[in-house]
Structures are given as structure tokens and as C-alpha cells.
Amino acid sequence: MKEIVDILSAYQKSVTENKKSALATVVKVEGSSYRRPGARMLVTEDGMLTGAISGGCLEGDALRKALSAIHQQENKLVTYDTTDEDDAKFGVQLGCNGIVHILFEPIFEHDKLNPIELLKVANGFRENCVITTLFSLESKNQPGSLMLFRERESMEKTPTEISGVLKNDAFDVLKLKLSRFETYTIDGENFDAFLEFIPPPIQLVIAGAGNDAQPLAEIANILGWEIIVVDGRQTHCNTQRFPNAKKILVAKPDQVLTQIEIDQQTAFVLMTHNYNYDTELLNILIATNAPYIGTLGPKKKLIRMLEELGQSEYLQRVNGPIGLDIGAETAEEIAISIVAEIKTIFSGASAVMLKEKKNPIHFYQLKNN
């Protein structure tokens, strides 16, 4: 979601400066590639790039393709095939040994269903959604981004003959939380569709406004997470110390949840260094559906807290000591450890060293039909 936020910001700037732009989206990958389907990059007519569709090897050529799409005012699908070892003949040095299909869409500001508008709506709510992009590997006809689907509503410019089945498939993606590819026929012509599942960003609630909470908030902000800082001390819990926090709450433990909406992308980190505050808040959180609760400090502290609460059976419910074992010592290193653990859990990843992985490094949960 951080990439989407950056793209939206860059697009707004381009509109203010009266500059035309195009959105480049990776819609399909065969084999190995640095980025997976759903990676995006905004290109403005003066050559400014926001986001990324590769590790840097495609961006130069993609700039030229995007400018062509802007000039011709039409969607274009470009395929980069590096399965041939002599990839120099493509004008790029990928070294990935894969095939990457990228769709370039010029942005028409007055089109209320243009790709940027769909991304804006996706970013405007803390709800799971699906964005569907239609493209063809055989035809010059490239419909592009044409539907945003959420549980209670949809925005679309979908051909009537596939609208119903497309919504049904989008509902399945939303239910399974798994992106997928489908094929649809429109006027006798086959089109591929990328139905991309997009969850809201992780909402990180940091209970504690000490000095060690600051690098945690900073790193989470770099990742595009939404940050809420909670503490009982107004001298510590303020926007001067946490300028990137979405919300600052100076509150007692029993007041916290009345001001926070917990969803399936919410993580709580208890690090106030106030034993009683953390214990009281922990007691409240255990009874919620918060998918992640972590406590700073040794396990014996967590065990003692749970025993005092009469909640010892919930030891496995709480991640304590919080973080991955990376040998962290400083506040910054501990912050990296905490962020890495939260990212691992929400991604369903293994946290093993990449050289030990048997599957592709950039594993992407995607259903192909």
C-alpha cells in the first residue's frame, strides 16, 4: 500500500503542475522476476518515476513506453522476455530469466474510473478490495483497469456480457484473500484478467511513547503502515516526538479501544515500560480479535502478567518476547526485529534465510485458473 500512497501523491502533484502521466502495472509474470503482478509505477511526461516495476533494469525502457502511451493516448501492453540468456538484445539487462508483461495506461483526469481513481478509493478505506485489470496477450485491444470491488460496493466500467461473472470471481478473491488470473470472452475475443487482492496497510498500535518507540514508528512509516501511538504521558505522547503517527492517544488503558477500530491488519505492541499499564491493556486486548499482540521484555515478565490476570492459558496468544532473533541490541535494531516479526506473521512467511528456501524467493500467492 505504501507504493500506492506514493503514486497517489505523485499523481496529485502532476495534476497541480498540469503534467500528463501514465500508470505502468505488472499484470503477469512467467518465471523469475524482481517484482510480481500488482507492482506499479507512475510516469509523468517530464520523466519523473514513482514506484517500481523491477529492480531498476526495466525502468529506462518502461519510461519510453509510458511516454508513448501518453502521446498516443491509448493503453499498451509490453512484454519483456528474458528466458533467452542473450537478454541484451532486448535493450535491458534483467538477469531474471523470466517473462514480464506490463500494462501502460495513460491517465485521463476527467475519467472518474481511471486507474488512479480506483487506487484512490482502495486507499481511502480500511477494507479489503479487489482491482481487476483486463489485458490481451494477442490483441492490441487493452481494456486496462476497469473494476474495484469491495464487499458492499463496486466501481466499474466492465463490458455488460462479463460484468456478472467478473463480480462473482472478485467476490471469491475477496473471500479467499487470494489474487488470481481468469480468462473472459468479449465479442468473441479472449482476454486475460488479473484480479488483485489488496488489503489495507498494517495498522500498528504502539503502546508506549518512550525513546525506543520512536525508531519503531519511523521504520513502520517507511513501510507505509498506519501508526497509532498510545501512552498515558502527554509529555511523551505528542506529534513532536511522533510526527508520522496517524493518531496520538493520551489515554488510560481502558480508554484505548474506544478510539481504535481493530481489524485483521491490526498489530499491538506493548512497550510502555509501565508494568501496570501494559498488564491492564493486555487484559483488555486478550478478549479482542486483534490478530497480533506483542510485548517487549523477557518471557518471565509476560508469564507473570498473565498469571496475575488469571489468563495463563493465553500465553501462546501473545508474542513475547516480541521480535525475531537477529541479535538486536539498540533501539533501532530492536525496532527492525519487531517490524520483521509482524511482517512475517501478516505475510504468512517463514522468516528463514532466503538461501534456505526451497520455493522461489518472491513467493506470490496467486491462483491460476
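Residues numbered from 1 in each chain as written. Predicted model: local features only at pLDDT ≥ 70, side-chain atom pairs only at ≥ 80, totals over all residues. Heavy atoms only, no water.

Undergrad: How would you explain the pattern of salt bridges if you had to name every residue and give the values?
TA: Counted according to the given criterion, the structure contains 23 salt bridges. We note a salt bridge from Arg-126 to Asp-263, for which the minimum N-O separation is 2.8 Å. Note that Arg-126 is positioned in the loop between α3 (115-124) and β6 (129-135) and Asp-263 in the loop between α6 (253-256) and β14 (266-270), a separation of 137 residues in sequence. We classify Arg-126 as partly exposed; its relative accessible area is 23%. Of the residues examined, Asp-263 reaches a relative accessible area of 17% and is grouped as buried. Across the pair Lys-301 and Asp-278 runs a salt bridge, and its minimum N-O distance is 3.9 Å. A residue pair is termed long-range when its members are at least 10 positions apart, and Lys-301 in helix α8 (residues 299-309) and Asp-278 in helix α7 (residues 275-286) qualify at 23 residues. (Salt bridge = Lys/Arg side-chain N within 4 Å of Asp/Glu carboxyl O. Helix = DSSP H or I, 4+ residues; strand = E, 2+ residues; numbered from the N terminus. Buried < 20%, exposed > 50% of the residue type's maximum accessible area, 1.4 Å probe, protein only.)

Undergrad: Can you tell me about unusual backbone geometry, naming the residues and giving the values?
TA: That bond from Gly-320 to Pro-321 is cis: its omega, 0°, falls within 30 degrees of zero. Looking at where Pro-321 falls in the secondary structure, it is placed in the loop between α8 and α9 (331-347). A positive phi is found at Asp-187, a non-glycine position, where the angle reads about 50°. Note that Asp-187 resides in the loop between β9 (179-186) and β10 (189-198). In this structure Asp-187 comes out as exposed when scored by relative accessible area, which is 71%. The backbone of His-273 shows a phi angle near 65°, a positive value even though the residue is not glycine.

Undergrad: Summarise the UniProt feature "domain: XdhC Rossmann" (unreviewed entry) in the protein; cite the residues concerned and give the values.
TA: Following the UniProt record, the feature "domain: XdhC Rossmann" (unreviewed entry) maps to residues 204-342 here. Strand forms 17% of residues 204-342 and helix 35%; the C-alpha atoms that close the span are 9 Å apart. (UniProt positions renumbered as here; feature names shortened; annotations may be inferred.)

Undergrad: Tell me about the pairing of strand β2 (residues 40-44), residues and numbers included.
TA: Most of β2 sits inside the fold, with 5 of its 5 residues counted as buried. What you see with β2 is no split at all: Arg-40, Leu-42 and Thr-44 on one side and Met-41 and Val-43 on the other are buried throughout. Across 5 bridges, strand β1 (residues 21-31) lies against β2 in antiparallel orientation. Its bridge partner being in β2, Ala-22 is matched across the sheet by Val-43. When β2 meets strand β3 (residues 49-51), the two strands line up antiparallel, connected through 3 bridges. Residue pairing for β3: Met-41 is matched across the bridge by Gly-51. In this structure, the hairpin formed by β2 and β3 is closed by a connection of 4 residues, where Gly-47 is found at a positive phi of approximately 90°. (Pairing = 2+ DSSP bridges.)

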